[in-house]
Amino acid sequence: MSEEIVILGKKYSSKDRVRADRTDKLYEDIPEGETLLKIEDLNVTYRTDNSTTVAVDNISFDIKKGELLSIVGPSGCGKSTILRCIGGLLQPTSGKITIGDKECTTAGSDRGMVFQDFALFPWRSVRRNIEFGLEIAGVPKEERRERSTRYLKAMGLEEYADHRIHELSGGMKQRVGIARAMIMHPAVILMDEPFGALDAQTRNILQHSLVEVLKNSHRTIIFVTHSVDEAIYLSDRILVLSKRPATIHNILEVPGERPRERAAPEYAELRRKILDYLESQNTIF
Ligand SMILES: Nc1ncnc2c1ncn2[C@@H]1O[C@H](COP(=O)(O)OP(=O)(O)O)[C@@H](O)[C@H]1O
Ligand SMILES: [Mg+2]
């Protein structure tokens, strides 16, 4: 039987519901390690009345299913622009983005976002923030509860389930942001400097929590950061961008299982190589 609900004037059937809250299932046929998302010849030029800014210059890369790919590059080089295009929040000037065999032209629940400034709902409790997408997708209350409890636990937020957002520290807010994205099981999670607003210690703890969550639940993640150390700690591969307009300088594999030893000598050379390049791009960190 097909049930129908109407949200903001748009009709959703029970068929959509299954898709909206488990879009990873749409790509079940693609094996782990195979290409899930493809960016081809992406160009973005911002035009205002009196200026033209070329932000992204002909970028192509793939994201493999189950990998965490970091994008690092100088501040202002075009990282958020690329992520916004993948999220469907910005129309590229030219180029093509496909997920599975489907071209992404608008935002969709197969691409979940986590933002630096949290973007949470202050009037909702922690639990109801985490359940938000499930609510929109029409998932019944009991199932929402069961799923949010799992993510509250995974992100160490159990005790804060009924708290309001303003009662939380920045680190906890971002835990809510991550849980809210993960609970939807999107095919790809897009994170734009999610830990950028946090102090160094909190940032390390959150990085570790993310690694822990990924141990139990493989996800495909694109993680934008300007921190080389963060990229090395978290990623399977690191995409290094030039200064604006962003072009791809290099795509580097990071060896070693997670969790990783932050100061391990095996990463010293990789770290140096990326930092030297970024410094050559005349950026002040
Ligand atoms: N909406 C916009 N209109 C005009 N220029 C923009 C807009 N958004 C970003 N830019 C410019 O595009 C360039 C890349 O920005 P962005 O993608 O935010 O860089 P990053 O995330 O790497 O710091 C910057 O020079 C920025 O000023
Ligand atoms: Mg940015």
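Relevant structure appears above.
This structure is a prediction, so every number in the text was calculated from the model and none was measured. (Residues numbered from 1 in each chain as written. Chains lettered and ligands numbered in written order. Predicted model: local features only at pLDDT ≥ 70, side-chain atom pairs only at ≥ 80, totals over all residues.)

Undergrad: An account of the site of ligand 1 is requested, with residue identities and associated values reported.
TA: In the vicinity of ligand 1, 13 residues are found, and the nearest of them are Tyr-46, Ala-55, Lys-79, Ser-80 and Thr-81. Ranked by residues supplied to the shell around ligand 1, first place goes to helix 2 (residues 79-87) with three residues. Here the residues of the shell around ligand 1 sort into three nonpolar, eight polar and two charged. (Near = placed C-beta within 6 Å. Helix = DSSP H or I, 4+ residues; strand = E, 2+ residues; numbered from the N terminus. Nonpolar A, V, L, I, M, F, W, Y, C, P; charged D, E, K, R; others polar.)

Undergrad: Any details on the environment of Tyr-267? Residues and values, ideally.
TA: Structurally, the position occupied by Tyr-267 is in the loop between strand 12 (248-253) and helix 9 (268-280). Along the backbone, Tyr-267 and Glu-131 are 136 residues apart, and their C-alpha atoms lie at a distance of 38 Å.

Undergrad: Which residues make up helix 6 (residues 170-182), and what are the values?
TA: It helps to recall that an α-helix has 3.6 residues per turn; residues three or four apart then point in one direction. With 13 residues, helix 6 extends 18 Å from end C-alpha to end C-alpha; this agrees with the ideal 18 Å at 1.5 Å per step. Taken across its 13 residues, helix 6 has 11 buried, putting it largely inside the fold. The complete set of buried residues in helix 6 reads Met-172, Lys-173, Gln-174, Arg-175, Val-176, Gly-177, Ile-178, Ala-179, Arg-180, Ala-181 and Met-182. Looking at the buried residues of helix 6, the elements they touch are strand 8 (111-114), helix 3 (126-130), helix 4 (132-136), helix 5 (141-154), strand 9 (188-192) and helix 7 (200-216). (Expected span 1.5 Å × (residues − 1). Buried ≥ 20, exposed ≤ 12 C-beta atoms within 10 Å, placed from the backbone. Contact = placed C-beta atoms within 7 Å.)

Undergrad: Can you tell me about the pairing of strand 11 (residues 237-241), naming the residues and giving the values?
TA: With respect to burial, strand 11 is a largely interior element, four of its five residues being buried. One ladder, built from four bridges, connects strand 5 (residues 68-72) with strand 11; its direction is parallel. Pairing of Leu-69 across the sheet is with Arg-237, part of strand 11. Here strand 11 pairs with strand 12 via five bridges, running antiparallel. In the strand pairing of strand 12, Leu-239 is matched with Ile-251. (Pairing = 2+ DSSP bridges.)

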